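# Architecture and fold: a report
Read off the chains here:
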Amino acid sequence: MKLKLRHCLLAFIALPAFGQKSNFHFVSTKNQQININKGTIFVNGNRTYLLSNGAEFLDSRRNKLIENGGNVFLFLEVSRGADVKDLIIFSVNNSKADSIGNVVSSDIRDYDHDQNLEVGGAYTVAPYPAADSVYYVPYIYYEIVKGRVVLDEEYNEKINKKKYGVWLKDLIVDGKYKVIPKPKH
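A few points on the structure. (Residues numbered from 1 in each chain as written. Predicted model: local features only at pLDDT ≥ 70, side-chain atom pairs only at ≥ 80, totals over all residues. Heavy atoms only, no water.)

## Topic: helix α2 (residues 153–164)
The terminal C-alpha atoms of α2, which comprises 12 residues, lie 16 Å apart, in line with the 16 Å expected from a rise of 1.5 Å per residue. Tyr155, Asn156, Ile159, Asn160 and Tyr164 are the residues of α2 that are buried. The buried residues of α2 occupy an angular sector of 130° when the element is viewed end-on, so they sit on one face. In α2, those exposed residues whose orientation departs by more than 90 degrees from the buried face are Glu154, Lys158 and Lys162. Residues of α2 that are buried in the fold lie against β10 (133–136), β11 (140–145), β12 (148–151) and β14 (176–181). (Helix = DSSP H or I, 4+ residues; strand = E, 2+ residues; numbered from the N terminus. Expected span 1.5 Å × (residues − 1). Buried < 20%, exposed > 50% of the residue type's maximum accessible area, 1.4 Å probe, protein only. Arc of directions from axis to C-beta. Contact = heavy atoms within 4.5 Å.)

## As for the sheet that holds strand β8 (residues 96–104)
If you walk across this open sheet you meet the 4 strands as β5-β6-β7-β8, and the pairing is antiparallel. Because the sheet does not close on itself, it has two edges, and the strands there are β5 (64–68) and β8. The average undirected angle you get between the axes of adjacent strands in this sheet is 25°. (Pairing = 2+ DSSP bridges. Axes fitted to C-alpha atoms, helices over the stretch in contact; angles between N-to-C directions.)

## Regarding the packing of aromatic side chains
Using the criterion set out here, one finds 7 aromatic pairs in the structure. A ring pair is formed by Tyr49 and Phe90, whose centres lie 4.8 Å apart and whose planes are at 75°; its orientation type is edge-to-face. Highlighted residues: Tyr49 in strand β4 (residues 46–50) and Phe90 in strand β7 (residues 85–93), separated in sequence by 41 residues. Phe90 gets classed as buried once you look at its relative accessible area, which sits at 0%. Plain terms: the ring middles of Phe57 and Phe90 are 6.2 Å apart, the flat faces sit at 75° to each other, and that makes the pair edge-to-face. With Phe57 in the loop between β4 and β5 and Phe90 in strand β7, this pair connects stretches of sequence that are 33 residues apart. Among the aromatic side chains, those forming a connected cluster through ring pairs are Tyr49, Phe57 and Phe90. (Phe/Tyr/Trp six-rings, centres within 6.5 Å; stacked < 30°, edge-to-face > 60°.)

If you want it as structure tokens, here you go:
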């Protein structure tokens, strides 16, 4: 009985380690073989990108290969801290993976129903100390359209007006988020 209990306990403790996947693989319709192992991306066997500071890409359902307008985009989730996750966007072409953007980790879907996929969101920050004001931490979304990843200005304005009652293009003042009156909902 003791032996079985000990084996069950060891299996339970080791289970998260067995579930972690440090190596994943994608294949594009252009037959590009993309392998990710810990913090390194290989395309067709060539080492093309190394994540700095020993960070690792997360094994996430948000890791995706999306092809649009003849271009191949790779979205990989990475952790920047305890509760901060980003998606790094790569353009994959000619056996290379080039980082073209970094966004708040979110699902990749058509948020504004314009037939283009969007990705993005807003970071979480500590609340402003005064009850009548908030930090303006904008929601920033990018969309995949005609083989490019571009800022979705229309949706950004719409979602920020809905959240904050205002759309501000100047997002940061003196290295800090702007403070605005708390919106009335």
